[in-house]
Amino acid sequence: MSTGSRTDPVAPRRPVHRVTIVGTGTIGASWATYYLARGFDVTATDPAPGAEAALRSYVAAAWDAAATLGLAPGASPERLSFTADLRQALADADFVQENAPERPELKVKLFADIDDATPPDAIIASSTSGITMSAIQAGCRHPERTVVGHPFNPPHVIPLVEVVGGSRTAPETVREVMAFYAAIGKKPIHLKKELPGHVANRIQVALYREVVYLIEQGVLDVADADDAVSWGPGLRWGVMGPSLLWHLGGGEGGIRHFMDTLMPRMVEAWQELGAPEFTPELREKIVSGVLEEAGGRSIDELAARRDAMLFGLLAVRASQGDLRPGADGRAEEGR
């Protein structure tokens, strides 16, 4: 990545003390909760009517979950401020986390406005789930400090953040953002290339395509398909990624033995994977199956059950540390 020639010089970065959240829907509110839990001052802005009340309600409801995962010294919901005035919200930002709707024309205009109103030494990150930063930064005077920081939902629980710069993002911006997210307890991964949907969502889409195909073909009903993932490979994926797991699957010979003896069979199996036709009938079959599986439990009840299990898994992972040499799990706080 390189910095474009139309940019003005940018001052050295300053330490992050205040984070501005632009857009306070579900993702923005969850990010706000996380940054507050990590001990930052947070200013939030959103033009929607009732946005402040909805945000504060979300933070209050999510605070116990944040506390379960650990609070930084001085962390408090009282350090949240709100204004509908975008320029006011950005005036003293050290780091911006943008969470506006996924509309390219909106993102381009919004980022140009954020870039214009934010101190020149602040970093501007987007939570976009699919739009590339090269497209988003098109109208910015300082595109070198703009970057994608795409979380997994909900950000105040799930550690993963996908970091990827645009064609005019400075390499040092990517390095600083990676270090910042790691220092506040996130698990950032650096995407070396831009592509629509980034990485983790593409992996989800690939898996779900096969799940939908199996349902379409009458191989499994919805509940059994969910169990096939969550009680089988999903349990292992909560501990290690697929390539490292194949290293174990290769026995004493490890990944080399796996590639030599088992991978050819997997390559052959790729040709048999399905491409379902998503008909209205298939849609209703999945909807009915999910509602039956939910068993009358509300979205909030199911989310609480999910999060309780995630807390347990995260606690185990933290106690075991990172699998890679030289890594020790959650990084120290850095503000």
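Residues numbered from 1 in each chain as written. Predicted model: local features only at pLDDT ≥ 70, side-chain atom pairs only at ≥ 80, totals over all residues. Heavy atoms only, no water.

Undergrad: When you look at the layout of surface pockets in this model, what are you seeing that I'm missing?
TA: Space left empty within the atom packing is revealed by a probe, the size of a water molecule, rolled over the atoms. Its volume calculated, the second largest pocket comes out at about 370 Å³. Forming the walls of the second largest pocket are 15 residues, and the residues nearest its centre are Y58, H156, D300, A303 and D307. Elements with a minimum of two residues in the lining of the second largest pocket: α2 (51-69) and α13 (299-320). The element contributing the most residues to the lining of the second largest pocket is α13, with six residues. (1 Å grid on protein atoms, 1.4 Å probe; cavity = no way out; pocket = protein on both sides within 12 Å on 5 of 7 lines; lining within 4 Å. Points joined across faces, edges and corners; volume = space filled by probe spheres on them. Helix = DSSP H or I, 4+ residues; strand = E, 2+ residues; numbered from the N terminus.)

Undergrad: Which parts of the structure should I look at to understand the packing of helix α1 (residues 26-37) against α2?
TA: Geometry of a packed helix pair, given as the angle between the helix axes and the separation of the axes. Two numbers describe how α1 lies on α2: the axes approach to 9 Å, and their chain directions differ by 50°. Here α1 is positioned oblique relative to α2, judged by the angle of their axes. You can see that α1 and α2 cross each other, and the crossing is right-handed. Together, T26, A29, S30, A32, T33, L36 and A37 of α1 and L55, Y58, V59, A62, W63 and A66 of α2 make up the contact between the two elements. (Axes fitted to C-alpha atoms, helices over the stretch in contact; angles between N-to-C directions. Parallel < 35°, antiparallel > 145°, perpendicular 65-115°, else oblique. Left-handed = near helix turned anticlockwise from the far one by under 90°. Contact = heavy atoms within 4.5 Å.)

Undergrad: How should I be thinking about the packing of aromatic side chains in this particular structure?
TA: For any pair of aromatic rings, the description rests on two quantities: the centre-to-centre distance and the angle between the ring planes. Evaluation of the coordinates by the stated rule reveals 12 aromatic pairs. An angle of 15° between the planes, with centres 5.1 Å apart, marks the rings of W31 and Y35 as stacked. With W31 and Y35 both in helix α1 and four residues apart, the pair spans about one turn of that helix. For W31, a relative accessible area of 0% translates into the label buried. Look at Y35 and you get buried, because its relative accessible area is 0%. (Phe/Tyr/Trp six-rings, centres within 6.5 Å; stacked < 30°, edge-to-face > 60°. Buried < 20%, exposed > 50% of the residue type's maximum accessible area, 1.4 Å probe, protein only.)

Undergrad: Teacher, can you tell me more about unusual backbone geometry here?
TA: As a rule of thumb, non-glycine residues mostly have phi less than zero, and peptide bonds are mostly trans rather than cis. Look at the link from N153 to P154: it is a cis peptide, with omega at -5°. With respect to the helices, strands and loops of the structure, P154 is situated in the loop between β6 (146-151) and β7 (160-165). Within the chain, H198 stands out as a residue other than glycine whose phi angle is a positive 60°. The topology assignment puts H198 in the loop between β8 (187-190) and α7 (200-216). Among the residues examined, H198 registers a relative accessible area of 2% and is labelled buried.

Function cannot be inferred from these measures alone, as they are strictly geometric.
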